[in-house]
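Chain residues, written in single-letter form:
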Amino acid sequence: MIQGRAWKYGDNVNTDVIFPGRYTYARMEPGEMAKHALEDLDPRFAREVKPGDVIVAGRNFGCGSSREQAATCLAAAGVGAVVAKSFARIFFRNAINSGLLALEIPEAVDVIQSGDKVGIDVERGVLVHGGKEYRFPPLPAAVQEILAAGGLIPYLKAKLVKEA
Amino acid sequence: MGKTFAEKVLAKKAGLAEVEPGQIVTARPDLGMSHDNTAAIVQLFRKVGLKRVKEPGKFVVILDHVVPAASVEYAQNHKDIREFVREQGIRFYDVGRGVCHQVVVEEGLARPGDLILGADSHTPTYGALGAFSAGIGRSEMAALWATGELWLKVPTSFRIELEGELPELVTAKDVILYLIGKLGADGALYRSVEFAGPTVEGMGIPDRMVMANMAAEMGAKNAFVAPDETTFAYLADRTKDAFTPIYPDPDAAYEEVMRFDVGDLEPQVACPPDVDHVVPISQVAGKKVDQVVLGTCTNGRIEDLRLAAEVMAGRPVADGVRMIVLPASQEVWLQAAEEGLLAEFVAAGALVLNPGCGPCLGAHQGILAPGEVCLATSNRNFKGRMGSPEAELYLGSPAVAAAVAVTGKITDPRSLQ
């Protein structure tokens with residue numbers, strides 16, 4: 001069960017404001033990346049985010065550059081999930097591959113406000129907010145396996161070991 | 001019911017008789033491309049615990065994003081990459097060869113019917129030659145190195161038919177900006193976008209590349225222009241390898257078919273901070289500009305430099321304006337030098353850089369200060385994209401960039417004639 005506070009943003013939150021291009025080719029460990037998360041959108045975020053907090057956003061979250069750090073920095077900052085009306089396709093892939101839960105629940109996005117308490121039960125497929133439950137469809141099996149392993153690289157490592 | 005381009009290519013590359021939109025397939029790409037981010041991909045690949053790339057002949061690495069190295073850190077990345085590609089036997093183009101998407105096309109590595117995955121969001125560019133090409137992340141490129149395959153969701157498809165002859169000084173860039181403005185930044189999210197119709201058929205490969213490149217800015221997974229005589233003539237000089245074009249069936253099932261007449265189109269400008277915030281140039285004319293950038297994977301080809309020089313027509317760059325020109329590749333650079341274009345730009349007061357991505361991603365070579373305004377021929381104008389989050393970035397065609405450079409403000413290039 002994921003539990004935390006919501007950080008609410010609008011439509012088309014792009015990867016340049018999630019993780020600025022000026023750091024894209026710098027050598028950073030995920031912990032360092034987390035310090036720059038959402039730097040050009042909301043400078044408070046990286047300082048105040050708590051493990052389990054949930055980013056709630058509108059349409060096309062993560063559009064723009066393919067930079068994987070946009071997902072890695074949020075996962076490393078302890079973000080429990082990103083809940084959006086829709087995701088840009090490369091960001092969605094990068095999120096799963098970084099072990100970051102990315103859920104499309106448009107009707108929940110409409111009502112959740114910044115600072116609200118949000119709970120997510122992945123096994124039951126529900127998001128809980130303000131005494132109401134919002135259902136989401138189960139993730140594809142391939143995606144669930146990667147998330148369970150903590151991302152694509154650990155997933156692949158375990159798979160290759162098993163095959164060997 | 002017939003099949004779309006995406007459905008046919010993905011079925012073939014996944015070894016299946018046919019596939020449906022929404023289906024997840026495991027496909028084997030013909031080519032995997034990465035650039036300066038290869039250093040980070042190497043680290044991820046090592047974490048998997050493997051020593052050798054499974055099929056090194058299927059990959060290419062091109063250094064273009066921060067070239068030549070702007071810091072010790074970038075230099076170390078480049079050094080690590082050179083060692084890795086040598087050790088693994090991966091095809092490699094070092095700093096100075098050009099922007100990855102331009103180099104892949106010039107080297108004949110993108111061919112009709114190919115499946116190409118690139119660790120860069122503008123990988124859809126190769127759809128201009130009839131390839132299926134899509135952007136992926138770093139971990140996914142590491143996975144491709146390890147296994148040679150990757151899961152892909154079969155997208156639904158849009159067909160965008162364009163008709164009308166473009167007015168003078170109105171370009172493919174204006175068309176794609178117009179379409180992004182109409183459809184929105186997520187208007188083609190997850191979709192395969194097929195461009196068709198007389199306007200597209202009349203375009204050369206460079207203009208088709210502009211269209212496919214910026215399809216990424218409407219959220220498309222890939223873009224496609226049907227290979228034709230133009231494509232085959234272009235490739236005849238670039239590759240000796242055989243290829244098998246793939247065409248959508250005439251009765252393919254599209255999610256949507258759209259038709260636009262672009263015969264009366266005005267030059268278009270995307271206003272900060274979103275690529276879909278597009279207006280006809282008349283609505284922003286007169287806006288004062290500090291910097292102009294002509295180049296990038298969108299508009300750094302010889303045709304773009306010729307057009308800009310034609311619009312500038314010997315006029316100097318306006319006082320107080322910095323004009324930065326980056327040819328997209330060594331080949332373009334040399335051709336522009338031979339035609340005297342580089343000398344013309346420098347004589348006008350512009351700054352000509354080496355081929356590369358330069359200021360487009362805000363890493364070096366022309367970063368903006370707070371409050372500054374830039375018009376660029378690149379493909380993104382997000383907040384902070386070219387440096388300060390307080391700078392403003394407008395996008396336009398090479399003709400518009402040239403008109404802005406010589407007037408110091410956003411100007412319709414047709415008003416200078």
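Points about the sheet that holds strand β9 (residues 192-196) of chain B
Residues and elements named next belong to chain B.
- The four strands are arranged β10-β9-β8-β11 in an open sheet whose pairing can be described as parallel. Taken across any chain shown, the strands that pair with only one partner, and hence form the sheet edges, are β10 (222-225) and β11 (256-261). Along the sheet, successive strands turn relative to each other by an average axial angle of 20°, direction set aside.
- Alignment of strand β8 (residues 157-163) against β11, held across six bridges, turns out to be parallel. Its bridge partner being in β11, phenylalanine 158 is matched across the sheet by glutamate 256.
- Together, β8, β9 and β10 form the strand contacts of helix α1 (residues 5-13), whose direction differs from that of β9 by roughly 125°.

Notes on the environment of B:Val406
Residues and elements named next belong to chain B.
- Mapped onto the secondary structure, valine 406 falls in helix α14 (residues 398-407).
- Separated by 101 residues in the primary sequence, valine 406 and leucine 305 have C-alpha atoms spaced 15 Å apart.
- Those residues in contact with valine 406, other than ones at most four positions away along the chain, are Met312, Arg315, Pro316, Val317, Ala318 and Leu416.

Examining helix α6 (residues 172-183) of chain B
All names here are of chain B.
- The end-to-end C-alpha distance of α6 is 16 Å, a good match for the 16 Å that twelve residues give at a rise of 1.5 Å each.
- Counting buried residues along α6, nine of its twelve residues qualify, which places the element largely inside the surrounding structure.
- Within the sequence span of α6, burial applies to Ala172, Lys173, Asp174, Val175, Ile176, Leu177, Leu179, Ile180 and Leu183.
- Directly beyond the C-terminal end of α6, a positive phi value near 95° is found at glycine 184.

Comments concerning the interface of chain B and chain A
- In this complex, chain B contributes 50 residues to the contact, which on the side of chain A involves 37 residues.
- Across the interface of chain B and chain A, roughly 3,700 Å² is buried in total on both sides, 53% from carbon and sulfur atoms.
- On the chain B side of the contact with chain A, B:Arg138, B:Trp151 and B:Tyr190 bury the most area, a combined 16% of that side's loss.
- Taken together, chain B and chain A are joined by four salt bridges.

Concerning the state of the cysteines
Residue and element names in this part refer to chain B.
- Taken as a whole, this structure holds zero disulfides over all chains when the rule is applied.
- Here cysteine 100 is not disulfide-linked; the sulfur of cysteine 357 is the nearest cysteine sulfur, at 6.0 Å.
- Classification of cysteine 100 as buried rests on a relative accessible area of 1%.

Remarks on the domain arrangement of chain B
All names here are of chain B.
- Under the domain assignment, chain B is made up of domain 1 (5-241 + 252-260) and domain 2 (271-416).
- Here domain 1 and domain 2 have C-alpha centroids that lie 24 Å from each other.
- Each partner contributes residues to the interface: domain 1 has 35 residues there, and domain 2 has 36 residues.
- Between domain 1 and domain 2, roughly 2,900 Å² of surface is buried when both sides are summed, and carbon and sulfur atoms account for 60% of that area.

Calculation notes
- Residues numbered from 1 in each chain as written.
- Chains lettered and ligands numbered in written order.
- Predicted model: local features only at pLDDT ≥ 70, side-chain atom pairs only at ≥ 80, totals over all residues.
- Heavy atoms only, no water.
- Pairing = 2+ DSSP bridges.
- Helix = DSSP H or I, 4+ residues; strand = E, 2+ residues; numbered from the N terminus.
- Axes fitted to C-alpha atoms, helices over the stretch in contact; angles between N-to-C directions.
- Contact = heavy atoms within 4.5 Å.
- Expected span 1.5 Å × (residues − 1).
- Buried < 20%, exposed > 50% of the residue type's maximum accessible area, 1.4 Å probe, protein only.
- Buried area = accessible area lost by both parts, 1.4 Å probe.
- Salt bridge = Lys/Arg side-chain N within 4 Å of Asp/Glu carboxyl O.
- Disulfide = S-S within 2.5 Å.
- Domains from an automatic or database assignment.

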